[in-house]
Protein chains: 2
Amino acid sequence: MFSQACKYAIRAVLYLAVHASEGKKAGVKEVSAALDVPKYFLAKILQQLSRNHLISSTKGPSGGFYLSEQNREATLKEVVECIDGPDVFNSCILGLPVCSSENPCPLHVQAFAYREGLHYQLKHQAIGDLAKRIEREEQKI
Amino acid sequence: MFSQACKYAIRAVLYLAVHASEGKKAGVKEVSAALDVPKYFLAKILQQLSRNHLISSTKGPSGGFYLSEQNREATLKEVVECIDGPDVFNSCILGLPVCSSENPCPLHVQAFAYREGLHYQLKHQAIGDLAKRIEREEQKI
DNA sequence: TTAATAAAAGATTTTTTTGTCTTTTATTTT
DNA sequence: AAAATAAAAGACAAAAAAATCTTTTATTAA
Ligand code: FES
Ligand code: FES
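Description of the structure in this document. (Residues numbered from 1 in each chain as written. Chains lettered and ligands numbered in written order. Predicted model: local features only at pLDDT ≥ 70, side-chain atom pairs only at ≥ 80, totals over all residues. Heavy atoms only, no water.)

1. Focus on the overall build of chain A
The condition is simple: Helix numbers and strand numbers start at the N terminus; a helix is a DSSP run of H or I with at least 4 residues, a strand a run of E with at least 2. Residue exposure (1.4 Å probe, protein chains only): buried if accessible area is under 20% of the type maximum, exposed if over 50%, otherwise partly exposed. In this analysis, two residues are considered to be in contact whenever any of their non-hydrogen atoms come within 4.5 Å of each other. His residues and chain termini do not enter the charge count, which takes Lys and Arg as positive and Asp and Glu as negative. Note that the charge is assigned to NZ on lysines, CZ on arginines, CG on aspartates and CD on glutamates.
Across its full length, chain A holds seven helices and two strands. Over its C-alpha atoms, taken along the principal directions, chain A stretches across nearly 55 × 30 × 25 Å. Burial statistics for chain A: of 141 residues in total, 54% are counted as buried. Contacts spanning at least 24 positions in sequence make up 64% of the contacts within chain A whose residues lie at least 6 apart. In chain A, the 17 positive side-chain charges and the 15 negative ones have mean positions that sit 7 Å from each other.

2. Thoughts on the interface of chain B and chain A
Here is the rule we go by: One side-chain nitrogen of Lys or Arg within 4 Å of one carboxyl oxygen of Asp or Glu is enough to make a salt bridge. Pairing of N or O atoms within 3.5 Å defines a polar contact, subject to two protein rules: one partner must be a possible hydrogen donor and the other a possible acceptor, and residues neighboring in sequence count only if both atoms are side-chain atoms.
Residue-level contacts link 30 residues of chain B with 31 residues of chain A. Viewed at the interface, chain A and chain B are joined by zero salt bridges. Linking chain B with chain A are eight residue pairs in polar contact (both at pLDDT 80 or more), by the criterion used here. Breaking the side of chain B that touches chain A down by element, the ones donating at least two residues are α1 (4–19), α6 (108–124) and α7 (127–137) of chain B. Tallying contributions element by element places α6(B) first for the side of chain B that touches chain A, with eight residues.

3. So, the protein's contact with DNA strand D
Selection criterion: Note on terminology: near, applied to a residue and a molecule or strand, indicates that one of the residue's heavy atoms is within 4 Å of it.
Of all residues adjacent to DNA strand D, which total 27 residues, the nearest are A:Q4, A:P61, B:G27, B:K44 and B:S57. The share of sugar and phosphate among atoms of DNA strand D within 4 Å of the protein is 60%. Contact distances for DNA strand D include 3.4 Å between a base nitrogen and a side-chain N or O atom of B:Q47. The side chain of B:S57 places a nitrogen or oxygen atom 2.8 Å from a phosphate oxygen of DNA strand D. Where the surface near DNA strand D is concerned, the elements lending two or more residues are α1 (4–19) and α3 (39–51) of chain A together with α3 (39–51), β1 (56–58) and β2 (64–66) of chain B. Sorting elements by how many residues they give to the surface near DNA strand D places α3(B) first, with four residues.

4. What about the relation of the copies chain B and chain A?
Here is the rule: Only residues with pLDDT of at least 70 in both copies contribute their C-alpha atoms to the least-squares superposition of the copies.
By a simple turn and slide, chain B fits onto chain A: the slide is 0.0 Å along the axis, the RMSD is 0.1 Å, and the turn is 180°. On this basis, the relationship between the two copies can be described by a two-fold rotation axis. When the interface residues of chain B are mapped onto chain A, 100% of them again lie at the interface, so the same face is used by both copies.

5. What about the protein's contact with DNA strand C?
Quick note on the threshold: Charged means Asp, Glu, Lys or Arg here, nonpolar means Ala, Val, Leu, Ile, Met, Phe, Trp, Tyr, Cys or Pro, and polar covers whatever is left, Gly included.
Surrounding DNA strand C, one finds 27 residues, the nearest of these being A:G27, A:K44, A:S57, B:F41 and B:P61. Sugar and phosphate atoms constitute 61% of the interface atoms of DNA strand C, taking the interface as everything within 4 Å of the protein. Between DNA strand C and A:V28 there is a distance of 3.3 Å, counted from a phosphate oxygen to a backbone nitrogen or oxygen. In this structure, B:Y8 approaches DNA strand C through a side-chain N or O atom, which is 3.4 Å from a phosphate oxygen. With four residues, α3(A) is the single largest residue contributor to the surface near DNA strand C. The residue makeup of the surface near DNA strand C, split by class, is 10 nonpolar, 12 polar and five charged.

6. What to know about the pattern of salt bridges
Residues and elements named next belong to chain A. By the definition in use, this model includes four salt bridges over all chains. The shortest N-O distance in the salt bridge between D129 and K132 comes to 3.8 Å. Highlighted residues: D129 and K132, both in helix α7 (residues 127–137), separated by three residues, approximately one helical turn. For K132, a relative accessible area of 52% corresponds to the exposed category.

7. Focus on the packing of α1(A) against α7(A)
Residues and elements named next belong to chain A. Threshold: Axis lines are fitted to C-alpha atoms, over the contacting stretch for helices. Their N-to-C directions set the angle, which ranges from 0 to 180 degrees. In this scheme, roughly parallel covers angles under 35 degrees and roughly antiparallel covers those over 145, while 65 to 115 is roughly perpendicular and the rest are oblique.
Orientation of α1 relative to α7, taken along the N-to-C sense of each, is 75°, at an axis distance of 9 Å. Taken together, the axes of α1 and α7 lie roughly perpendicular to each other. Residues V13, L14, A17 and V18 of α1 form the contact with α7, whose own contacting residues are I127, L130, A131, I134 and E135. Grouping the constituent residues of the contact of α1 with α7 by class yields eight nonpolar, no polar and one charged.

8. Regarding the side chain of B:N71
Within the fold, B:N71 resides in helix α4 (residues 69–73). Residues in contact with B:N71, not counting those within four places in the same chain, are B:H53, B:L54, B:I55, B:S56, B:Y66 and B:I127.

9. As for the packing of aromatic side chains
Both the distance between ring centres and the angle between the ring planes are used here to describe each pair of aromatic rings. So the rule is basically this: When two rings of Phe, Tyr or Trp (its six-membered ring) have centres within 6.5 Å they constitute a pair, described as stacked for plane angles under 30 degrees, edge-to-face for angles over 60, and tilted for the intermediate range. Charges are assigned to positions over rings by a cutoff of 6 Å between ring centre and Lys NZ or Arg CZ, combined with an angular limit of 35 degrees from the ring normal.
Taken as a whole and assessed by the stated rule, the structure comprises three aromatic pairs over all chains. Judged by centre distance (5.8 Å) and plane angle (85°), the ring pair of B:Y8 and B:F41 falls under edge-to-face. Of this pair, B:Y8 sits in helix α1 while B:F41 sits in helix α3, and the two are 33 residues apart along the sequence. Using a relative accessible area of 37% as the deciding quantity, one classes B:F41 as partly exposed. Directly above the aromatic system of A:Y40 lies the positively charged group of A:K39, at a separation of 5.4 Å from the ring centroid.

10. Notes on the state of the cysteines
This is how the line gets drawn: Disulfide assignment relies on a single distance test, namely cysteine sulfur atoms paired within 2.5 Å.
All chains considered together, the criterion is met by zero disulfides over all chains. Looking at the unpaired A:C6, the closest cysteine sulfur is the one in A:C82, lying at 9.2 Å.

Shown next, in the form of structure tokens:
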């Protein structure tokens, strides 16, 4: 479903949402250590998210990555599409050129349900809200 | 979700289920042309399925691939696991070392539900039955 | 205002996946 | 028995994804 880079991106964004803020930024080193993810690879991913304004960053001492209030209103769908491209949620699970209910592949009904369930959550839940839920329910990142 | 090889495998097996039989075998050339899939790559995939007794084959003139009656009783789950390995249906969508409802990641609930829907179909529907449904409902492969 | 810090950017390397080509082996038809 | 056919096997090449390293730029704290 998601590329390795995209999995790292989602986890990193959620980590930032929970553990960082404008006043308490987190560096690549901290995030990569906390999530047990390759440091330099993660750096690239965070850069890409930053360029696309899905996370915020500042250079220099006491600099690092964090989520602005605006960033917290975005959704993971945007994060996913920033890394894996725009077709993640509408491509056929068997790789047919188009996915549609009019011309369904044999797995379409189930695959579509799965994909849409996930899509719906990622699309409608703000990252900030997700973070609160993670803290409340003590979910793993 | 599925590797390219696995997508090709599923489609090829379904093609054989619909268009081939012990009396009317299909060669790599036919299948790759019908599904618009790289020939030599598909050959490797069919070999692997054949070695694992998920499809049948014979060499020589009028040889080719087909599904025996026994093959038709198998499921696509077995095909998928033959190509992509045994963890496809129980690994965390975010790549955490284990996926469980006790230690869920933030996407677990949706991801699990979605995955299980698909898993259930692939696990409980015999390839032979799927083929009949494909013919009946004129689904695309 | 200098030194230290940390992200940004760029260039490379490694690994995995995908795809191709050639040779061998089994089978069948002539 | 010989020729033709088609899968099996093995070796290889190309492309994509993942991971690493180095240099540059911006910022801040001393
Ligand atoms: S057509 Fe294949 S998943 Fe929709
Ligand atoms: S724990 Fe992540 S999908 Fe189950």
